[in-house]
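# Residue-level structure breakdown
Here is how the chains run, residue by residue.
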Amino acid sequence: KKKNNNNNKPFPLRQSRGTMAAPPRVVFLKDGESRQEENLLREKGYLGEVLYVPVLVTKRTEGAWEDTTLDEYSAVVITSKRAVESLGTVKARRYWVVGKQTKEALLRHHKDDERSIEILGEESGTALSLGKTILSTPSEKGPLLWATSNDRRPDLTNLLSPSPVRLDVLLTYTTVPTPAATIPSAGCVVCYSKHAFTHPTLLRNLSPNTAIVTVGNTTAQSGENEGFKIHGVSTEPTPEGVVEQVLLCTR
């Protein structure tokens, strides 16, 4: 395992001369397009600085959809907002999705015809749980087309491969680490994927007082495998679940 210097307890609020110090800075390692986490923190009275630092740069795969006939598939599988963005002008009539945020992004993609589409699986928090939902749906016979990236996890493919529901994979975008990304000093850092821990520079100068929160047990395991101490895990991939863990680590 790699060694790191963040094995201390979560960042505490410090008291000086009878006055409570300002709350620590919170850094979310993702794009800040929606800023839902920050909005929830403010609603709960959190006054500390909140920053968003993206870990990955996403690039659409040009021509990915050119030789694909959607009519051959019963549905398109979408497991992230990045996958929605990779659709370009492509519009299917039926989708399986992971999470409410992905569904909302898909509805925006279909803003002119959202009533004509069917979206299933939004209650699933991961691709693996989505696969279990698909297999427990008798009406789903497939085949399915998964619009995904080069760094997808194999869980969904492994689950559906031995089943009667065929899953074809289409690489519609690629992800690469954000070049020269670093984070400022922070009391809490929220990591959404393994890429936060494997990024060449992102967490290199992490303070010993910084608490690390991960989204999902798989991400937590990735951090531990890289030698980091994980202080909180949001088992629900929702802004509410993440904010709950952040507040626990910064109180």
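From a predicted model like this one, the values you see are computed outputs, not experimental measurements.

Turning next to the sheet that holds strand β10 (residues 167-177). Here six strands make up an open sheet; going across it, the order is β5-β10-β9-β6-β7-β8 and the pairing mixed. The open sheet is flanked by β5 (56-60) and β8 (118-120), the only strands paired with a single partner. The mean angle between the axes of side-by-side strands here comes to 25°, regardless of whether they run parallel or antiparallel. Where strand β6 (residues 75-78) lies against strand β7 (residues 94-97), three bridges are found, and the strand directions are parallel. Within β7, the position partnered with I78 by the bridge is V97. Packing against the sheet, helix α3 (residues 100-109) makes contact with β6, β7 and β8, and its axis sits at approximately 150° to β7. Running at roughly 130° to β7, helix α4 (residues 127-135) makes contact with β6, β7 and β9 (144-149) of the sheet.

Another point: α4. Looking only at α4, the buried set comprises L130, G131, T133 and I134. In an axial view of α4, the angular spread of the buried residues amounts to 160°, which keeps them on one side of the axis. Tucked into the core, α4 has its buried residues touching β6, β7, β9 and α5 (155-160).

Cut-offs used in this document
Per chain, residue numbering runs from 1 following the sequence as it is written. This being a predicted model, a pLDDT of at least 70 is required before a residue's local features are given, and a value of 80 or more before pairs of side-chain atoms are given or counted; all residues contribute to the totals for chains, interfaces and linings. The side-chain quantities take in all heavy atoms of the structure and omit both hydrogens and water. Two strands qualify as a pair provided DSSP detects at least 2 bridges between them. Here a strand is any run of E in DSSP of at least two residues, a helix any run of H or I of at least four, and the numbering for each starts at the N terminus. Convention adopted: a line fitted to C-alpha atoms gives each axis, helices being fitted over their contacting stretch, and angles between N-to-C directions are expressed from 0 to 180 degrees. When checking whether two residues touch, look at their non-hydrogen atoms; a contact exists if any pair is within 4.5 Å. Only protein chains enter the accessibility calculation, which uses a 1.4 Å probe. A residue is then buried if its area is under 20% of the maximum for its type, exposed if over 50%, and partly exposed in between. By construction, the arc corresponds to the directions joining the helix axis to the C-beta atoms.

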